[in-house]
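Take a look at the letters that make up each chain.
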Amino acid sequence: MKRLKQVWQLRRAIAIPPGAPRLNCLAALISGMALGILYLTFHAKPAGAGHELSARTAPQLTVCSPPAETAAGDAAGSSGLSSLSTEELNRRMTSVIHSSKLALQLHVALLEIGKNRIERFPDYSATFIKQERVDGSDLQDVQSIQLKLRHKPFGIYMKWLEGGDVGRELLHVEGQYDEKMLVRLGGIKKRLPLLKLEPTGSLAMKESRHPVTEMGLALLADQILKYRKRDLTLKGGLRWEMLPEQKFMDRACDCWVVEYESREVEPVYRKSITYIDKELSLPICVRSFGWPEAGTEAADAATLDEATLIEYYGYSDIKFESRLTDNDFDKGNSDYTFRR
């Protein structure tokens, strides 16, 4: 462990330039983590010593249990490692990283890779899924939204496909339309006049926890990074666990579960579940849970999560290849209804 601390102190002292060099260094860092874990697992102490997996459960998570016949081998320590299969050696390495500090450091490294990667693309389209509880109100229905997003100048177009106000359209473009977002309501309300709203105004925020100016994968990754980097500085009051080989919308992911012990440690979020896409290194699904009301009791962890879910954001059908045009962020687009 002393060697690993020295490595991390050296890493903090080195300034890595942005772009490809930073990504290469981060990739090397992840490889170094794996080697460090391998060293700790098979040389420093018997496998599994000092690293206990919690019994937490979470929606749509798959926790892989070790085969029963390996329990005796774990108790025997490292004396029989030479007889273990590659699969068993890999399982032991994974069990160590699940709840070690390296797991959280790996989480941060992957988020930084994903954030740098997506910022290289000028724009993308996706299906955005959201469900929120705003100002203590009832949990909204799950909403599916067509999304087009451009990084610079920031532009966003959204059309509600399922849940919420189906047919609603929203357009916001930095430097245009007096910095207002244009909203055409859906259903029978589409006959009403076009709304021009301040993105952070009370009417715009009535049905959302975050303004439209904070939308997108890059900003989501950046927001999660701020929390995880802060978590690494905490001396206690939280637990985390990495759950590998998960899926979101048929996308292969690794998942991180972070839980706080009290409001004093984290006043807003009690628990966070983040799915990182293996190919993209991006957070394509985030579920966040708040604190229960005083005196509230839940039968189990799943019931508590169901009662305290405050944010669910997901991204599917992400397309980076096809470039969007200025027409995609123009209220005069013939496919939109802003001028009708």
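Our subject is the structure listed above.
The sections below set out a description of the structure shown in this document.

### Some details on the sheet that holds strand β3 (residues 155-162)
Read across the sheet, 11 strands follow the order β6-β5-β4-β3-β2-β1-β11-β10-β9-β8-β7 without closing on themselves; strand pairing throughout is antiparallel. A single partner strand is all that each edge strand has here, and the edge strands are β6 (195-197) and β7 (238-248). Direction aside, the axes of adjacent strands within the sheet are offset by 20° on average. Running over the sheet, helix α7 (residues 301-308) touches β9 (271-277), β10 (283-289) and β11 (309-319) and is turned about 85° from β11.

### A closer look at the environment of Tyr227
Within the element layout of this structure, Tyr227 appears in helix α6 (residues 217-233). Linking Tyr227 and Glu266, residues 39 residues apart in sequence, is a C-alpha distance of 9.8 Å.

### Remarks on the pattern of salt bridges
The full count for this structure, using the stated rule, is 21 salt bridges. Across the pair Lys148 and Asp328 runs a salt bridge whose closest N-O atoms are separated by 2.9 Å. Of this pair, Lys148 sits in strand β2 (residues 143-150) while Asp328 is found in the segment after β11, placing the two residues 180 residues apart along the sequence. The partner of Arg230 in a salt bridge is Glu266, with the nearest N and O atoms 2.7 Å apart. Taken together, the residues span a long stretch of sequence, with Arg230 in helix α6 and Glu266 in the loop between β8 (251-260) and β9 at a distance of 36 residues. Among the charged side chains, a salt-bridge network with shared partners connects Lys115, Glu119, Asp222 and Lys226.

### Section: the nonpolar core
Core analysis: the biggest nonpolar cluster contains 45 residues, and Phe128, Leu147, Ile156, Met158, Leu170, Met215 and Tyr315 have the highest contact counts within it. Residue contributions to this core peak at 7 residues, all from helix α5 (residues 101-118). Among residues more than four places away in sequence, those in contact with Ile156 are Leu147, Lys148, Leu149, Leu170, Leu171, His172, Val212, Met215 and Phe329. Residues Leu243, Phe248, Val257 and Tyr275 belong to the second largest nonpolar core, which totals 13 residues.

### Some thoughts on the pairing of β2
Sheet faces and side chains relate simply in a regular strand, where the side chains alternate between the two faces. Burial runs high along β2: 7 of the 8 residues are buried. Strand direction decides the pairing type here: strand β1 (residues 123-132) and β2, joined by 8 bridges, are antiparallel. Bridging across to β2, Asp123 finds its partner in Arg150. One ladder, built from 7 bridges, connects β2 with β3; its direction is antiparallel. Paired with Arg150 across the strands is Gly155, a residue of β3. The turn joining β2 and β3, which pair antiparallel and follow one another in sequence, is formed by 4 residues.

Parameters at a glance
Residues numbered from 1 in each chain as written. Predicted model: local features only at pLDDT ≥ 70, side-chain atom pairs only at ≥ 80, totals over all residues. Heavy atoms only, no water. Pairing = 2+ DSSP bridges. Helix = DSSP H or I, 4+ residues; strand = E, 2+ residues; numbered from the N terminus. Axes fitted to C-alpha atoms, helices over the stretch in contact; angles between N-to-C directions. Contact = heavy atoms within 4.5 Å. Salt bridge = Lys/Arg side-chain N within 4 Å of Asp/Glu carboxyl O. Core = buried A, V, L, I, M, F, W, Y, C linked by side-chain atoms within 4.5 Å. Buried < 20%, exposed > 50% of the residue type's maximum accessible area, 1.4 Å probe, protein only.

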